[in-house]
Structure formats: structure tokens, C-alpha cells
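Now for the letters of each chain:
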Amino acid sequence: DLTLNDDRFYQLHAQTCKVFTSPVRLKIIDLLRYGERSVTQLAETLGLNQPNISQHLAVLRDKGILKVRREGNCNYYSVVNPKIFDAFDLMQEVIVEELSRGMLIVQQIYTDKS
């Protein structure tokens, strides 16, 4: 069993997080919060070609982030665990806070120079 004291746990954590290093994959996850989407729908929405989207979907699926439902010739993707959206939202909040803090620092620098 893996525990928080086990280096293997942190290795698994790091490997899972690597999947979120692509802006395209982050956009895909964000779109899937509104329900499942086909490769075609994702490609059209993101303005990318289907092979490119399919590669990103394969990475997300292989890491257990997405599941696929086949209907005829179409594959529909959705997020396996909705907690992914919670993590996604928390990271976005952190980024917005950091950007805001950076803006305040820049404003303070310009105010001090005046």
C-alpha cells in the first residue's frame, strides 16, 4: 500500500501532474467540465486538427484522467473523477491570486517612483 510517507506515492503524484503541463490538455479538461465531448467537437472548439487532439486525449486517457464512450464511429470523452475540476479550479485561483499580487507589486513600484 502506498502512503504519504512512501516515495512511490510522490513519484506517482509527480507523474500524474505531468499530464497537466500542456495548455491544450488543460483546455480539454476545462471544456469537459460541461459534459462529454467528441474528438470532432473538441477539435472544432479549440481550433486544432483531430490528430493533435487525439494525441492529447490518448495521454489523458492513458493516465486515467479521461474515459471514452464509443457510439458508432464516434468517441466521446469525459473526466473520470470530478475532483479533477476541484483541483483545476484551485490552481486557477492560485494563479489569479499570484497575478493580482504581481499587479499590486507593479503598481506599488510605479507609485513609489512618482
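This text goes with the structure placed above it.
The paragraphs below set out a description of the structure included in this document.

Procedures and definitions
Residues numbered from 1 in each chain as written. Predicted model: local features only at pLDDT ≥ 70, side-chain atom pairs only at ≥ 80, totals over all residues. Heavy atoms only, no water. Buried < 20%, exposed > 50% of the residue type's maximum accessible area, 1.4 Å probe, protein only. Helix = DSSP H or I, 4+ residues; strand = E, 2+ residues; numbered from the N terminus. Arc of directions from axis to C-beta. Contact = heavy atoms within 4.5 Å. Axes fitted to C-alpha atoms, helices over the stretch in contact; angles between N-to-C directions. Parallel < 35°, antiparallel > 145°, perpendicular 65-115°, else oblique. Left-handed = near helix turned anticlockwise from the far one by under 90°. Phe/Tyr/Trp six-rings, centres within 6.5 Å; stacked < 30°, edge-to-face > 60°. Core = buried A, V, L, I, M, F, W, Y, C linked by side-chain atoms within 4.5 Å.

Observations concerning helix 3 (residues 39-46)
At step 1: Every buried residue of helix 3 is accounted for by Val39, Leu42 and Ala43. Within helix 3, the buried residues cover an arc of 100° as seen down the axis, which keeps them to one side. Exposed and facing more than 90 degrees away from the buried side of helix 3 are Glu44 and Thr45.
At step 2: Residues of helix 3 that are buried in the fold lie against helix 2 (23-32), strand 1 (37-38), helix 4 (50-62) and strand 3 (74-79).
At step 3: Count one or two residues on from helix 3 and you reach glycine 47, which has phi positive near 70°.

Remarks on the packing of helix 3 against helix 4
At step 1: Put simply, helix 3 and helix 4 touch, their axes get as near as 9 Å, and they point 115° apart. What the angle tells us is that helix 3 and helix 4 run roughly perpendicular. Helix 3 and helix 4 meet at a crossing whose hand is right-handed. Side by side, helix 3 and helix 4 meet where Val39, Thr40, Leu42, Ala43 and Leu46 of the first sit next to Gln50, Ile53, Ser54 and Leu57 of the second.

Looking at the packing of aromatic side chains
At step 1: Counted by the stated rule, this structure contains one aromatic pair.
At step 2: With centroids separated by 5.5 Å and ring planes inclined at 90°, the aromatic side chains of phenylalanine 9 and tyrosine 10 adopt a geometry described as edge-to-face.

Details of the nonpolar core
At step 1: Counting residues in hydrophobic clusters, the biggest one holds 19 residues, and the most contacted among them are Ile28, Ile53, Leu57 and Leu66.
At step 2: Looking at this core, the elements with two or more residues in it are helix 2, helix 3, helix 4, strand 3 and helix 5 (83-113).
At step 3: Broken down by element, the residue count for this core peaks at five residues, all from helix 2.
At step 4: Those residues within four positions of isoleucine 28 in sequence are excluded, and the remaining contacts are Leu42, Leu46, Ile53, His56, Leu57 and Leu60.

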